[in-house]
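# Notes for the structure review
Spelled out from the first residue to the last, the chains are:
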Amino acid sequence: MPIDVYMTQLSPTMTEGKIVRWLKKEGDELLSGDIMVEIETDKATMEVEVIDEGILHRIIHNEGALVPVGAAIAVIAEDDETVSPDYQSSGLDEAVTESSPETVVESTTPAPISTGEEETTHDNELKLKDAGEFSQGEVDYDLVVIGAGPGGYVAAIRGAQLGMKVACVESTHLGGICLNWGCIPTKALLRTAEMINIVKGHGMELGLGISETKPDLAAAVSRSRGISEKLNKGIGFLFKKNGVQHIQGYASFNEAGGLEVKDANGESTQVRAKHVIVATGARARAFPGMEVDNDVVITYKKALVMEKVPEQMTIIGSGAIGMEFAYFFNAMGSKVTIIEGAPQVMPLEDEEISKIVARSFKKQGIKIINNAMVSSAKNIDGKGVVEYEVKGKLKSIESETVLVAVGVIGNTDNLGLENTQAKVDRNAIEVDDWYRTDHAGLYAIGDVVGAPALAHVASHEGIVCVEAIADMHPHKVDYGNVPGCTYCQPQVGSCGLTEKQAIEAGHDIKVGRSAYAPNGKAMGLAETEGIVKTIFDAETGELLGAHVVGAEATELITTFGVARTLESTEEELIHHMFPHPTLSEIMHESVLDSQDRAIHS
């Protein structure tokens, strides 16, 4: 006989659930363990597994419907069973409501997937463009990825894992900017700076018998480049292991809208693929008046391979790139000045966290100028001259080197995107939640689709994009829970809302704080500078945001990120046991402090 599927009470306080997405359609075979539908409760969006096997005979309530607990949402028929057309499900059907005017509650077929043209009514509703294939007829590959950075190479490997025939086009180096000129080599240099400062600040008390160092820039740079080269070769190995073909050359879309690759000799080859992902990353941005010559006025690429330590360095911008290079070159012996247009350094971080970093940098001898609007940065007679305005007064500063660190801009030039239907706005490609462009079968991920321009974001987007191509129904990327990491000392790690953002969003908040200073592990490491700050919704206990400044902050923040993904509450974090002695105990103390229950502070 037919089997009714009911809206189950998935949390103790749940009275109704919203059908976010049907992952099975009428006529599909249902096997135990399959995910049948996604339901949004009062606490989370949850996947509902198939319990009773059979054929999905009828979907009673479409995507978007709000259904009370106990109401039937679908009917399952057993194999070869004929269900009477007048079969009526039992349960509470009359109380079903609609979440938008377009929702049809009593229908025998699922609601159509959004095309992205209409306004959505909920954060979990997907904004999608039309799907399709890039090349019609016979193709060379199932998937071609343009760019082998952290988004591109991850997408290529994931595609191969899913059984696709994959090629990755890369003209320069596997690993992209992140591996070769960004994340990895800078962390190698920062380790050198960290060791210098440990010896200078704590060498004698740690029993090292030294308090002075002799920084060797050439050795530090050589080590940094060696690490990048090793990882570069590692990606080549992963490509071979997974069957991804590396096509060396420059990809672009020709006037006919097809994809072609030009090799080092200038010869072009047509490449046909069902799906094409653009993952070309970004390059350093320079605003008008900033005349980058890569001799005196430089960007991060030149800063990574400097032949000598400049006596003075002016850094324009105090984002992660600016702060990390300020910390490194100061440790190496440069007199560093940071110029920032915002009222605080690290403008995207919580104001309280920013103040702690600024105070630490000033103690280290780094000068910070805030609220300064730079009008020009030029090489004048071999010196870097930066002109800026503060409180209506024009000022200038002269230094041996000027590092421009004012963000990045997407690499959309020279791709021939004007020969496709993809929309590009200020070097950012417009995409939907599955990274589809307006051109069928053409996708874009990573820095080239806009902020946040982070390697881990690009990698995550690459996996979601490929799994969506493979009809695996991935979860869309949660851009409200992207971990932010800055690797200077003290390190900064953050996720979720800042205190100011939480208040502006209308939350009644509770804030917890705990300092590194009383923590036993921090004392043992001689790293007692910093705090952990947690922000909770006072009514629900939801962790709205977490911010860590201090030793290993970029490692510690992951725990808070996972807690937010799992929608852990203040009470749940309080009842979790943290190991001793660890820096993570500071995290626990911060949560306890939000309820005035801190033990050690």
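Residues numbered from 1 in each chain as written. Predicted model: local features only at pLDDT ≥ 70, side-chain atom pairs only at ≥ 80, totals over all residues. Heavy atoms only, no water.

### Concerning the pairing of strand E10 (residues 166–170)
Counting buried positions along E10 gives five out of five residues, so the element sits mostly inside the fold. Residues Val166, Cys168 and Glu170 of E10 are buried on one face, and the alternating residues Ala167 and Val169, pointing to the opposite face, are buried as well. Of the strand pairs in this sheet, strand E9 (residues 141–146) and E10 are connected by four bridges, and their pairing is parallel. Along E10, the bridge assignment pairs Val144 with Ala167. Following the chain from E9 across helix H1 (residues 152–161) to the adjacent parallel E10, one finds a crossover that is right-handed. Where E10 and strand E11 (residues 245–248) come together, four bridges link them in parallel fashion. Counterpart to Ala167 in the pairing with E11 is Gln245. (Buried < 20%, exposed > 50% of the residue type's maximum accessible area, 1.4 Å probe, protein only. Helix = DSSP H or I, 4+ residues; strand = E, 2+ residues; numbered from the N terminus. Pairing = 2+ DSSP bridges. Right-handed = clockwise from strand over helix to strand, strands pointing away.)

### Some details on the sheet that holds strand E32 (residues 530–537)
Here we have five strands laid out as an open sheet, ordered E29-E30-E33-E32-E31, and antiparallel in their pairing. The sheet is open, and its two edges are formed by strand E29 (484–486) and strand E31 (509–515), each paired on a single side. Across the sheet, the mean angle separating the axes of adjacent strands is 10 degrees when strand polarity is ignored. (Axes fitted to C-alpha atoms, helices over the stretch in contact; angles between N-to-C directions.)

### Quick look at the pattern of salt bridges
Enumeration over the complete set of coordinates arrives at 24 salt bridges. Note that Glu38 is salt-bridged to Arg21, the shortest N-O span being 3.0 Å. With Glu38 in strand E4 (residues 35–40) and Arg21 in strand E2 (residues 16–22), this pair connects stretches of sequence that are 17 residues apart. Residue Glu38 shares its accessibility class with Arg21, and that shared class is buried. The salt bridge partner of Lys355 is Glu351, with a shortest N-O separation of 3.6 Å. Of this pair, Lys355 and Glu351 both sit in helix H7 (residues 351–363), four residues apart, roughly one helical turn. With relative accessibility at 45%, the residue Glu351 sits in the partly exposed group. Each of Asp350, Glu352, Glu499, Arg513 and Lys533 takes part in a single network of salt bridges with overlapping partners. (Salt bridge = Lys/Arg side-chain N within 4 Å of Asp/Glu carboxyl O.)

### Section: helix H3 (residues 183–202)
Relative to the 28 Å expected for 20 residues at 1.5 Å per residue, H3 spans 28 Å between its end C-alpha atoms, a close match to the ideal helical length. Looking at H3, one finds that the buried residues are Pro185, Thr186, Ala188, Leu189, Leu190, Ala193, Glu194, Ile196 and Val199. Buried-residue contacts for H3 involve helix H2 (176–181), helix H4 (217–242) and helix H6 (320–332). (Expected span 1.5 Å × (residues − 1). Contact = heavy atoms within 4.5 Å.)

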